[in-house]
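Observations on the three-dimensional arrangement
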Amino acid sequence: MSATSLPGEAPVRGKRADAVRNQQALLAAAAAVFVTSGVEAPIREIAARAGVGIGTIYRHFPTRADLVVAVYRHQVEACAAAGPALLASVDSPFAALQQWVDLFIDFLVTKHGLANALRSDTGGFDALHTYFLDHLVPVCAQLLDAAVDAGEITPGTGALELMRGIGNLCIGGDTDPRYDPRRLVALLLRGLERQR
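Nothing here was measured: the structure is a model prediction, and the numbers come from that model.

1. Thoughts on the overall build of the protein chain
Each helix and strand counted, the protein chain has nine helices and zero strands in total. The burial tally for the protein chain puts 39% of its 196 residues in the buried class. Counted over contacts in the protein chain with a minimum sequence separation of 6, partners at least 24 positions apart contribute 67%. About 10400 Å² of surface is accessible on the protein chain, with carbon and sulfur atoms providing 53% of the total.

2. Focus: the nonpolar core
Inside soluble globular proteins, nonpolar side chains tend to come together where they are buried. By size, the foremost hydrophobic cluster in this structure holds 36 residues, and its most contacted members are Trp 100, Phe 104, Leu 136 and Ile 166. Sorting elements by how many residues they give to this core places helix 5 (residues 93-111) first, with ten residues. What Phe 104 contacts, discounting residues up to four positions off in sequence, is Cys 79, Phe 132, Leu 136, Met 163 and Ile 166. With 17 residues, the next largest nonpolar core counts Val 33, Ala 41, Ala 47 and Leu 67 among its residues.

3. Overview of the packing of helix 8 (residues 159-170) against helix 9 (residues 181-192)
Packing of helix 8 against helix 9 leaves a shortest axis separation of 9 Å and a crossing angle of 150 degrees. When the axes of helix 8 and helix 9 are compared, the pair comes out roughly antiparallel. For the crossing formed where helix 8 meets helix 9, the hand is right-handed. Mapping the contact onto sequence places Leu 162, Gly 165, Ile 166, Leu 169 and Cys 170 in helix 8 and Pro 181, Leu 184, Val 185, Leu 188, Leu 189 and Leu 192 in helix 9. Classifying every residue of the contact of helix 8 with helix 9 by side-chain character gives ten nonpolar, one polar and no charged.

4. Some points on the packing of helix 1 (residues 17-37) against helix 2 (residues 43-50)
The interhelical angle for the contact between helix 1 and helix 2, taken along N-to-C directions, is 130 degrees, at an axis separation of 8 Å. By the criterion of interaxial angle, the relationship of helix 1 to helix 2 is oblique. Both helix 1 and helix 2 take part in a crossing whose hand is right-handed. Residues Leu 26, Ala 29, Ala 30, Ala 32, Val 33, Phe 34 and Ser 37 of helix 1 lie in contact with helix 2, whose contacting residues are Glu 45, Ile 46, Arg 49 and Ala 50. Per-class residue counts for the contact of helix 1 with helix 2 are eight nonpolar, one polar and two charged.

5. Re helix 2
What sets the pattern is the α-helix's 3.6 residues per turn: residues three or four places apart point alike. Within helix 2, the full set of buried residues consists of Ile 43, Ile 46 and Ala 47. All buried residues of helix 2 project into a common sector of 100 degrees when viewed along the axis, lining one side. The exposed residues of helix 2 that point more than 90 degrees off its buried face are Arg 44, Ala 48 and Arg 49. At its buried positions, helix 2 is contacted by helix 1, helix 3 (54-60) and helix 4 (64-89). At the exit of helix 2 stands Gly 51, carrying a positive phi of roughly 75 degrees.

Conventions adopted
Residue numbers restart at each chain and count upward from 1, following the sequence in its written direction. Totals for whole chains, interfaces and linings use all residues, but because this is a predicted model, local features are given only for residues with pLDDT of at least 70 and pairs of side-chain atoms are given and counted only at 80 or more. To obtain the side-chain values, all non-hydrogen atoms of the structure were used and water was disregarded. The helix count covers DSSP runs of H or I at least four residues long, the strand count covers runs of E at least two residues long, and both are numbered beginning at the N terminus. Buried residues are those whose accessible area, probed at 1.4 Å on protein chains only, stays under 20% of the maximum for their type, while exposed residues exceed 50% and partly exposed ones sit between those limits. In what follows, a contact means two residues having at least one pair of non-hydrogen atoms within 4.5 Å. Under the convention used here, a 1.4 Å probe and the Shrake-Rupley method define accessible areas, while residue burial counts only the protein chains that appear. Only buried residues count toward a nonpolar core. Its members are Ala, Val, Leu, Ile, Met, Phe, Trp, Tyr and Cys residues joined through side-chain atoms within 4.5 Å. For helices, the axis comes from a line fit to the C-alpha atoms of the stretch in contact; other axes are also lines fit to C-alpha atoms, and the angle between any two N-to-C directions lies between 0 and 180 degrees. For classification purposes, an angle smaller than 35 degrees is called roughly parallel, one larger than 145 roughly antiparallel, one from 65 to 115 roughly perpendicular, and anything else oblique. Crossings are sorted by hand: turned counterclockwise from the far helix by less than a right angle, the near helix makes the crossing left-handed, and turned clockwise it makes it right-handed. Three residue categories are used. Nonpolar comprises Ala, Val, Leu, Ile, Met, Phe, Trp, Tyr, Cys and Pro, charged comprises Asp, Glu, Lys and Arg, and polar comprises the others, including Gly. By construction, the arc corresponds to the directions joining the helix axis to the C-beta atoms.

In structure tokens:
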């Protein structure tokens with residue numbers, strides 16, 4: 001691994017456009033499976049969803065930890081890109097925030113298995129946490145600021161504070177089918193709304 005790459009990140013080299021697309025499709029399929037079945041889901045389930053053979057997955061990601069970390073990074077990047085895109089395409093900044101939070105919850109569900117997948121690589125976990133903060137806190141702050149500027153929510157809630165609150169509400173959602181973290185997160189977001 002180079003000094004500039006993180007665990008699960010392929011070394012930088014020229015890849016054909018179709019290879020990049022295939023890898024992105026594989027990561028999206030793995031993320032979807034992780035959300036529904038957890039990071040310990042069988043590799044064959046991921047391969048079936050991606051429409052590839054198991055060998056293709058192992059060629060790209062020799063270990064489960066490599067795959068989980070790559071999915072984590074893929075989801076961070078997708079979540080970071082979604083914030084500005086939602087602000088540009090949705091009429092209400094608060095609605096954009098709500099849609100972004102829904103994507104963030106999907107990401108958090110996958111993230112819960114990350115520590116187990118990286119059992120002995122605490123340095124890699126710390127690097128990923130920094131990557132997460134550097135990419136997602138500014139996006140959440142941009143969404144909050146836009147909603148405040150539009151008069152849709154009251155000022156005073158910080159991005160990291162909100163993200164931690166959402167993260168805490170998501171704990172336990174993967175172990176208790178009676179618990180619906182999305183419903184509680186929706187209540188939290190409604191609490192931010194400016195009273196009319």
